[in-house]
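Structural features, examined
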Amino acid sequence: MFDGYDSCSEDTSSSSSSEESEEEVAPLPSNLPIIKNNGQVYTYPDGKSGMATCEMCGMVGVRDAFYSKTKRFCSVSCSRSYSSNSKKASILARLQVTGKPPTKKAKVLQKQPLVAKLAAYAQYQATLQNQAKTKAAVSMEGFSWGNYINSNSFIAAPVTCFKHAPMGTCWGDISENVRVEVPNTDCSLPTKVFWIAGIVKLAGYNALLRYEGFENDPGLDFWCNVCGSDIHPVGWCAASGKPLVPPRTIQHKYTNWKAFLVKRLTGAKTLPPDFSQKVSESMQYPFKPCMRVEVVDKRHLCRTRVAVVESVIGGRLRLVYEESEDRTDDFWCHMHSPLIHHIGWSRSIGHRFKRSDITKKQDGHFDTPPHLFAKVKEVDQSGEWFKEGMKLEAIDPLNLSTICVATIRKVLADGFLMIGIDGSEAADGSDWFCYHATSPSIFPVGFCEINMIELTPPRGYTKLPFKWFDYLRETGSIAAPVKLFNKDVPNHGFRVGMKLEAVDLMEPRLICVATVTRIIHRLLRIHFDGWEEEYDQWVDCESPDLYPVGWCQLTGYQLQPPASQSSRESQSGSSKQKKKAKSQQYKGHKKMTTLQLKEELIDGEDYNFLQGASDQESNGSANFYIKQEP
């Protein structure tokens, strides 16, 4: 092990926008309960003015479908572009002062259905950003995971929390005090030499290392990706004929460094000898360019389209819709995403599908083998099962920070369901979305109440605080049986406050620095560092859109750093006060006791509410659901 030691000598030598204010909206006459938008009908029961203009792109659309509380932007993309580019003055001048009409692109968007407009403009933004590399991502200059974690004493989620990530299932006993061989940077020799270092702290794939011999001196500590090519198990230098040279700073401390290493390394742990091979194998992906798949249509969530794999990065796929002639109409997702399926899947379960204008496959394109896709749990639909019209709670795929009152609109084959968000559905069902019955994104009636999560009531519903008992009675509906929902809670290992890298699912090409802020059994609340809470997302603990710290560096993907401090400080005080007031109001609505709830009978059934887990718990026994008794 120590044959590689060489005692050779060496010479010494933006964020949030600025102040916002809610616009006063004049009530509409009672005879105008419906807004028609180019053939697409939106009910609007709360009697307020229904149209708004995006301050970023100039698009005109239904006000309630606009993003943010102040309804100033048509999409998350516009909101973020507006903040990051600091274009408030020029845009307001164009739209409000000079009277300059909206852009040509905005006029085109006005002719499309609402959901299509939102998605199309987000795609338009992405296309412009792809063409201009300087705008494709926030600059990483000045950001370092190591400095970020050290300066704030943060803790990162361990690699074992991410089974889909490289080494997620074979990370082993890599922990603090494990010894490795790494390049010696405290050296002036002309050749590359190595030295032993110990892991002081782990943060995902990244490790804070300290050279042997420095004891408690952190002067030359450095961060390194454990899965990188420059980190090796102890003994690698001897086997490879590489020299071990002590750092120049401490070279004078010992005369017999070989004896020092023998003493320090006896009984110490190191990486497995085949560690680099395992890393390489775990980064081999079965999906290849030119494979064809069925993927959700980002312009109409209710249907799928054919797309072709353009590239694969760390298991993430850049899919280009087959009809895109210039190959810019793309969609990013992980190869294990529930949004992609084999060719023919839609027909097999009765899902809506957009037929391609291309009559035959392009040269070199081929259908992806069905066995490569993520498997869903088999379910028995022959007995008691979900039915159309049943009520439930679901994460809104167009606003992932909210869990909403929802309805089963259609029951498909193989356990798949079409879900609609109450109060904001298009008349033609173009914004329905597909969840499997075992999906961790749908919940039984009362889930939010039990776990102290704010449930978003139907848009325009004025009987607040919202109570399921009253709503079910008023709508003549029934709740989906609790026993049909997924109650499995894996031992995922996440804790509140842990850092990770997470996909911004509203702009899935972006992966951002993020934090786990709440844990409700298997449900995680993901906050994007430096951004407002309204951008938070509810994500399942086994989501393939979550990655360990250092994943982007390992795979070569672009990481979005936290928003700047100046951007955070630019938030208006009034905006903060409104959020605080809303939070206090929400807390006041959660005082209903178990006894009161138990007295409310829904269709003659008795609901017993069981206590849910606190935010500090990472796992549970899945008893956080309502127990339905006959």
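Residues numbered from 1 in each chain as written. Predicted model: local features only at pLDDT ≥ 70, side-chain atom pairs only at ≥ 80, totals over all residues. Heavy atoms only, no water.

**A short note on the overall build of the protein**
Secondary structure summary: the protein contains 15 helices and 31 strands in total. Taken across its 630 residues, the protein has 51% of its residues classed as buried. Of the roughly 29,500 Å² that the protein leaves accessible, carbon and sulfur atoms contribute 51%. (Helix = DSSP H or I, 4+ residues; strand = E, 2+ residues; numbered from the N terminus. Buried < 20%, exposed > 50% of the residue type's maximum accessible area, 1.4 Å probe, protein only. Areas by Shrake-Rupley, 256 points an atom, 1.4 Å probe, with all protein chains shown as cover.)

**Examining the sheet that holds strand 6 (residues 179-183)**
Taken in spatial order, the five strands of this open sheet run 9-8-7-6-10, and their pairing is antiparallel. Both outer strands of the open sheet, strand 9 (222-225) and strand 10 (232-233), are each paired with one neighbouring strand and no more. Where strand 6 and strand 7 (residues 194-203) come together, five bridges link them in antiparallel fashion. Within strand 7, the residue paired with Glu181 across the bridge is Ile196. Helix 7 (residues 257-265) contacts strand 6 and strand 7 of the sheet and is inclined by roughly 30° relative to strand 7. (Pairing = 2+ DSSP bridges. Contact = heavy atoms within 4.5 Å. Axes fitted to C-alpha atoms, helices over the stretch in contact; angles between N-to-C directions.)

**Some thoughts on the packing of aromatic side chains**
In this structure the tally under the stated criterion is 29 aromatic pairs. Seen from their ring centres, Phe143 and Trp145 are 5.7 Å apart, and the 70° between their planes marks the pair as edge-to-face. An identical accessibility class is assigned to Phe143 and Trp145; each is buried. The ring of Tyr321 carries Arg305 above its face, with NZ or CZ at 4.1 Å from the centroid. Taking the ring centre of Phe154 as reference, the NZ or CZ of Lys499 above it sits at 4.0 Å. (Phe/Tyr/Trp six-rings, centres within 6.5 Å; stacked < 30°, edge-to-face > 60°. Lys NZ or Arg CZ within 6 Å of the ring centre and 35° of its normal.)

**Details of the pattern of salt bridges**
For the structure shown, the criterion picks out 27 salt bridges. The partner of Lys192 in a salt bridge is Asp230, with the nearest N and O atoms 2.9 Å apart. Taken together, the positions of Lys192 in the loop between strand 6 and strand 7 and Asp230 in the loop between strand 9 and strand 10 put the pair 38 residues apart, joining distant regions of the chain. A salt bridge links Arg473 to Asp470, with the shortest nitrogen-to-oxygen separation between them at 3.0 Å. (Salt bridge = Lys/Arg side-chain N within 4 Å of Asp/Glu carboxyl O.)

**Looking at the side chain of Ser324**
Here Ser324 lies in the loop between strand 13 (316-321) and strand 14 (330-334). For Ser324, a relative accessible area of 9% puts it in the buried group.

**Thoughts on the nonpolar core**
Core analysis: the biggest nonpolar cluster contains 71 residues, and Trp171, Leu209, Phe275, Phe494 and Ile526 have the highest contact counts within it. Shared between two domains, this core holds at least three residues of each, these being domain 2 (174-268) and domain 5 (498-564). Setting aside residues no more than four positions away along its own chain, Leu209 makes contact with Val180, Val182, Ala197, Gly198, Ile199, Val200, Asp221, Phe222, Cys224 and Ile231. Grouped together as the second largest cluster of nonpolar side chains are 55 residues, Leu317, Ala394, Phe443 and Tyr471 included. (Core = buried A, V, L, I, M, F, W, Y, C linked by side-chain atoms within 4.5 Å. Domains from an automatic or database assignment.)

**Considering unusual backbone geometry**
Here the bond from Leu464 into Pro465 is cis, since omega is 0°, no more than 30 degrees from zero. Note that Pro465 resides in the loop between strand 23 (455-456) and helix 11 (468-475). Despite not being glycine, Asn177 has its phi angle at roughly 80°, a positive value. With respect to the helices and strands, the residue Asn177 is situated in the loop between strand 5 (155-156) and strand 6. For Asn177, a relative accessible area of 55% translates into the label exposed.

**Things to note about the environment of Lys354**
Mapped onto the elements of the fold, Lys354 is located in the loop between strand 16 (352-353) and strand 17 (366-367). Owing to a relative accessible area of 24%, Lys354 belongs among the partly exposed residues under this scheme. Separated by 54 residues in the primary sequence, Lys354 and His300 place their C-alpha atoms 9.6 Å from one another. Excluding its chain neighbours within four sequence positions, the residues that come into contact with Lys354 are Asp297, Arg303, Thr304, Arg305 and Glu323. Engagement of the side chain of Lys354 in a polar contact is seen with the side chain of Glu323, the distance being 2.8 Å. (Polar contact = N/O pair within 3.5 Å; in protein donor to acceptor, adjacent residues only side chain to side chain.)

**Observations regarding the pairing of strand 12 (residues 300-313)**
Across six bridges, strand 11 (residues 291-297) lies against strand 12 in antiparallel orientation. Counterpart to Val295 in the pairing with strand 12 is Arg305. Note that strand 12 and strand 16 share two bridges and pair parallel. Across the sheet, the residue bridging to Arg303 is Arg352, located in strand 16. In this structure, strand 12 lies alongside strand 13, joined through six bridges in antiparallel fashion. Each bridged residue has a counterpart across the sheet, and for Ile313 the counterpart in strand 13 is Arg316.

**Regarding the pairing of strand 27 (residues 537-540)**
Of the two faces of strand 27, both are covered, the one formed by Gln537 and Val539 as well as the one formed by Trp538 and Asp540. Here strand 26 (residues 523-528) pairs with strand 27 via four bridges, running antiparallel. Residue pairing across strands places Leu523 opposite Asp540, the latter belonging to strand 27.

**Here we look at the environment of Ile313**
As for its placement among the helices and strands, Ile313 is situated in strand 12. Taking relative accessible area as the criterion, Ile313 reaches 26% and is therefore assigned partly exposed. As a C-alpha pair, Ile313 and Tyr285 span 28 residues in sequence and 9.0 Å in three-dimensional space. Beyond its immediate sequence surroundings of up to four residues, Ile313 is in contact with Trp332, Trp551, Thr555 and Tyr557.

**A word on the side chain of Lys391**
When you line up the elements, Lys391 lands in strand 18 (residues 391-396). Polar side-chain contacts of Lys391 include one of 2.7 Å to the side chain of Thr407. With near-sequence residues (within four places) excluded, Lys391 lies in contact with Ala406, Thr407, Asp422, Val445, Trp468, Tyr471, Leu472, Thr475, Ser477, Ile478, Ala479 and Ala480.

**A look at the confidence of the model for the protein**
Looking at the protein, pLDDT values average 78 and 68% of them are 70 or higher. In this model, residues 565-630 is a region of pLDDT below 50 whose contacts with residues beyond four sequence positions or in other chains number 118 contacts. (pLDDT = per-residue confidence, 0-100.)

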